[in-house]
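Observations on the model geometry
Okay, here's what each chain looks like letter by letter:
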Amino acid sequence: MKIETDMPTYERLKRCLSERFPDVKVQLITSDPMLKKLGFAEKVPCTIDVIATDNQAEQIMDDAIDLEVRAFMIDDANSEEWKQYEQYGWLFDFFLYHFGH
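Let us look at the structure shown here.

Cut-offs and rules
- Residues numbered from 1 in each chain as written.
- Predicted model: local features only at pLDDT ≥ 70, side-chain atom pairs only at ≥ 80, totals over all residues.
- Heavy atoms only, no water.
- Disulfide = S-S within 2.5 Å.
- Core = buried A, V, L, I, M, F, W, Y, C linked by side-chain atoms within 4.5 Å.
- Buried < 20%, exposed > 50% of the residue type's maximum accessible area, 1.4 Å probe, protein only.
- Helix = DSSP H or I, 4+ residues; strand = E, 2+ residues; numbered from the N terminus.
- Contact = heavy atoms within 4.5 Å.
- Axes fitted to C-alpha atoms, helices over the stretch in contact; angles between N-to-C directions.
- Left-handed = near helix turned anticlockwise from the far one by under 90°.
- Nonpolar A, V, L, I, M, F, W, Y, C, P; charged D, E, K, R; others polar.
- Pairing = 2+ DSSP bridges.

Attention now moves to the state of the cysteines. Under the defined criterion, the tally for this structure stands at zero disulfides. Looking at Cys-46, it has no disulfide partner, and the nearest cysteine sulfur is the one in Cys-16, 15 Å off.

Here it is as structure tokens:
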């Protein structure tokens, strides 16, 4: 699925998915750093391709929900569960918005 985003989101998405879901690929299609350099954008805009099946997208969202549940059950900002939720929990919103599940 082709998605318009910004370079920091692309880099974060690529890193998080490679760590947690290595079968899901994220590829950079285009970017335009000049728009940021010229002051037309706060972040470098880019177009990416997220290569994931509907099933993989659902698995990613289910995983993010599980991370959130575990983090809030422990309710300790220093716990490993909370750190994982902070690192990967945003994937739920990203996939819900872009994949519409």
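So, on to the nonpolar core. Proteins that are soluble and globular tend to have nonpolar side chains buried together. With 24 residues, the main nonpolar core has Leu-13, Leu-17, Ile-48, Val-50, Leu-91 and Phe-95 as its most contacted residues. Mapped onto this core, the elements with two or more residues apiece are helix 1 (7–20), strand 3 (45–51), helix 3 (54–74) and helix 5 (90–99). Beyond its immediate stretch of four places on either side in the chain, Val-50 contacts Met-1, Ile-3, Leu-13, Val-24, Lys-25, Phe-94, Phe-95 and Phe-99.

This paragraph deals with the packing of helix 3 against helix 4 (residues 80–88). Contact pair helix 3 / helix 4: the axes reach a minimum separation of 8 Å and the direction vectors enclose 145 degrees. In the crossing of helix 3 with helix 4, the sense of the turn from one axis to the other is left-handed. Between helix 3, through Ala-64, Leu-67, Glu-68, Arg-70, Ala-71, Phe-72 and Ile-74, and helix 4, the contact on the second element is made entirely by Glu-81, Trp-82, Gln-84, Tyr-85 and Tyr-88. Grouping the amino acids of the contact of helix 3 with helix 4 by side-chain chemistry returns eight nonpolar, one polar and three charged.

Further remarks concern the sheet that holds strand 1 (residues 2–6). One open sheet holds the three strands; their spatial order is 1-3-2, and the pairing between them is antiparallel. Among the strands making up the open sheet, the edge pair consists of strand 1 and strand 2 (25–31). Averaged over neighbouring strand pairs, the angle between their axes works out to 35 degrees when direction is ignored. Bridge count for strand 2 against strand 3 is six bridges, and the pairing is antiparallel. Among the inter-strand pairings, Ser-31 is bridged to a residue of strand 3, identified as Cys-46. Lying on the sheet, helix 1 is in contact with strand 1, strand 2 and strand 3; it crosses strand 2 at an angle near 160 degrees.

Once that is clear, we can look at unusual backbone geometry. In this structure, Asp-75 is a non-glycine residue whose phi angle is positive, near 55 degrees. Along the chain, Asp-75 falls in the loop between helix 3 and helix 4.

Everything listed is a geometric property; what it means functionally is a separate question.
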